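One letter stands for each residue in the lines below.
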Amino acid sequence: MLATQYKITLPSDYDMNIIKERVRKNGHKTDGFPGLKFKLYLITEKGLHNNLQNSYSPLYLWKDSNGLNKFLFEGYYDNILNSFGWQQVNAGIPLFDTPSPNILENTYLNHLMGAVMPQGSLNTLKEHIQKSIPPIHGAEFLVTYMKYDIFCFLKDINNLKETSGAIYQILYISFQF
């Protein structure tokens, strides 16, 4: 599996309703995309949930590289390039992921980041990262590795005891069971 995300930073005065309408009209187009386990269309809005900027940041979990390659190199990603210009696509290797069909009930994603320091063995890395995840009732997770990213899928933002990291609103989820 592979996780990918690109973050499009938008101006502070950008009308985020434009992105919401874009997702409303087009979000379904990735339903059933080959090799895609899920895609979340995420946004941050400046001033909401302590976010410092407006952004559009789709997150994908691919079953293998074939679907990702089809998306990037067969014209599907060109829609992003034509609308927003060149974007850095960040890729991570999932260390573990827990999303089930219940992911469809979530409305927020809390993105936490950490760094993996050089070490002689990675035998205990998974357990170390699992201990660093804040206990959040009912949350599911995707954790990727090299720098490491923790994506906490939330139905109710009030389950967060403390806010750190970025809080995204999930506008649409394309999920294959």
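As a reminder, the structure under discussion sits directly above these lines.
Presented here is a report on the structure given in the accompanying data block. (Residues numbered from 1 in each chain as written. Predicted model: local features only at pLDDT ≥ 70, side-chain atom pairs only at ≥ 80, totals over all residues. Heavy atoms only, no water.)

As enumerated under the stated definition, the model contains twelve aromatic pairs in all. Aromatic pair Y6 and Y77: ring centres 5.4 Å apart, planes at 70°, arrangement edge-to-face. Taken together, the residues span a long stretch of sequence, with Y6 in the loop between β1 (2–5) and β2 (8–10) and Y77 in the loop between α2 (65–73) and α3 (78–84) at a distance of 71 residues. Look at Y6 and you get buried, because its relative accessible area is 1%. Their ring planes at 50° and their centres at 5.9 Å tell us that Y56 and F84 sit as a pair that is tilted. A residue pair is termed long-range when its members are at least 10 positions apart, and Y56 in strand β4 (residues 54–56) and F84 in helix α3 qualify at 28 residues. (Phe/Tyr/Trp six-rings, centres within 6.5 Å; stacked < 30°, edge-to-face > 60°. Helix = DSSP H or I, 4+ residues; strand = E, 2+ residues; numbered from the N terminus. Buried < 20%, exposed > 50% of the residue type's maximum accessible area, 1.4 Å probe, protein only.)

By size, the foremost hydrophobic cluster in this structure holds 19 residues, and its most contacted members are I19, Y56 and F71. If you list the elements that add at least two residues to this core, you get β2, α1 (17–26), β3 (36–44), β5 (59–62), α2 and α3. Residues Y145, I150, L160 and I167 belong to the second largest nonpolar core, which totals 17 residues. (Core = buried A, V, L, I, M, F, W, Y, C linked by side-chain atoms within 4.5 Å.)

Moving on to the side chain of S174. Along the chain, S174 turns up in strand β10 (residues 166–175). Residue classification places S174 among the buried residues on the basis of a relative accessible area of 2%. Side chain to side chain, S174 and D31 meet in a polar contact 2.9 Å long. Ignoring sequence-local partners within four residues, the contact set of S174 consists of T30, D31, G32, L36, K37, F38 and K39. (Polar contact = N/O pair within 3.5 Å; in protein donor to acceptor, adjacent residues only side chain to side chain. Contact = heavy atoms within 4.5 Å.)

Moving on, we get to α2. For α2, every residue scored as buried is listed here: G67, L68, F71 and L72. Buried residues of α2 fall within an arc of 125° about the axis and therefore sit on the same side. Opposite the buried face of α2, by more than 90 degrees, sit the exposed residues N66 and F73. Two or three places before N66, at the start of α2, stands the capping residue D64, its side-chain oxygen 2.9 Å from that residue's backbone nitrogen. A positive backbone phi angle near 100° is found at G75, which sits one or two residues after α2. (Arc of directions from axis to C-beta.)

Right, let's talk about the environment of D156 for a bit. You can see D156 is positioned in the loop between β9 (149–154) and β10. With 83 residues separating them in the primary sequence, D156 and F73 have C-alpha atoms 37 Å apart. Looking at D156, its side chain comes within polar contact range of the main-chain nitrogen of N158, at 2.9 Å.

Right, let's talk about the layout of surface pockets for a bit. A water-sized probe rolled over the atoms picks out the places where empty space is left. One number sums up the size of the largest pocket: a volume of about 460 Å³. Q5, H111, M113, D149 and Y168 are, among the 29 residues lining the largest pocket, the residues nearest its centre. Looking at the second largest pocket, it is lined by 17 residues, and the ones nearest its centre are K29, T30, K39, Y41 and N79. Breaking the lining of the second largest pocket down by element, the ones donating at least two residues are α1, β3 and α3. Broken down by element, the lining of the second largest pocket gets its largest block of residues, three residues, from α1. (1 Å grid on protein atoms, 1.4 Å probe; cavity = no way out; pocket = protein on both sides within 12 Å on 5 of 7 lines; lining within 4 Å. Points joined across faces, edges and corners; volume = space filled by probe spheres on them.)

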